[in-house]
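Take a look at the letters that make up each chain.
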Amino acid sequence: MAAGERDVAVIGCGALKTSASANFPALWEKMCRYSFHMYESYLGIAGNPVEWTDRYALSDTKPAERMTDRQRGEALEFAEYEDRIADLTPLFQDLPP
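Here's what I pulled together on the structure shown here.

Conventions and cut-offs
- Residues numbered from 1 in each chain as written.
- Predicted model: local features only at pLDDT ≥ 70, side-chain atom pairs only at ≥ 80, totals over all residues.
- Heavy atoms only, no water.
- Salt bridge = Lys/Arg side-chain N within 4 Å of Asp/Glu carboxyl O.
- Helix = DSSP H or I, 4+ residues; strand = E, 2+ residues; numbered from the N terminus.
- Buried < 20%, exposed > 50% of the residue type's maximum accessible area, 1.4 Å probe, protein only.
- Core = buried A, V, L, I, M, F, W, Y, C linked by side-chain atoms within 4.5 Å.
- Contact = heavy atoms within 4.5 Å.

Applying the stated criterion across every chain, the model contains 3 salt bridges. The residue R84 makes a salt bridge to E29 at a minimum N-O spacing of 2.9 Å. Here R84 is found in the segment after α2 (63-72), whereas its partner E29 is found in helix α1 (residues 24-40), with 55 residues between them in sequence. Classification of E29 by relative accessible area gives buried; the value is 19%. D87 is the partner of R33 in a salt bridge, and the nearest nitrogen-oxygen pair spans 2.7 Å. Highlighted residues: R33 in helix α1 and D87 in the segment after α2, separated in sequence by 54 residues. Note on D87: relative accessible area 57%, which makes it exposed. Overlapping salt bridges bring together E29, R33, R84 and D87 as one network.

Below is the structure:
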């Protein structure tokens, strides 16, 4: 990069809503599913290079409210495609206090 500007794309960084091509959502989904299934194949291998773990988040606000607050502060509007791969991982579950 020291020699000058270049176009660089990093899978997973996201895409601006205004600059993503019409076929980009399908390509993004295909790349996500390929990556997920590739790493999923490492489950159960000695040394646990990939493993499922439980995660907990404590908050006074609901996830939808936190997302709205976060989006309000963003200067750039990124495209959101998470709903295209929602079937890959378990959804959040509210636990009683």
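Turning to the nonpolar core, a few remarks are in order. W28, C32, F36, A79, Y81, I85 and L88 together form the largest nonpolar core, which totals 7 residues. What Y81 contacts, discounting residues up to four positions off in sequence, is A20, F24, P25 and W28.

In short, shape yes, function no, at least from these values alone.
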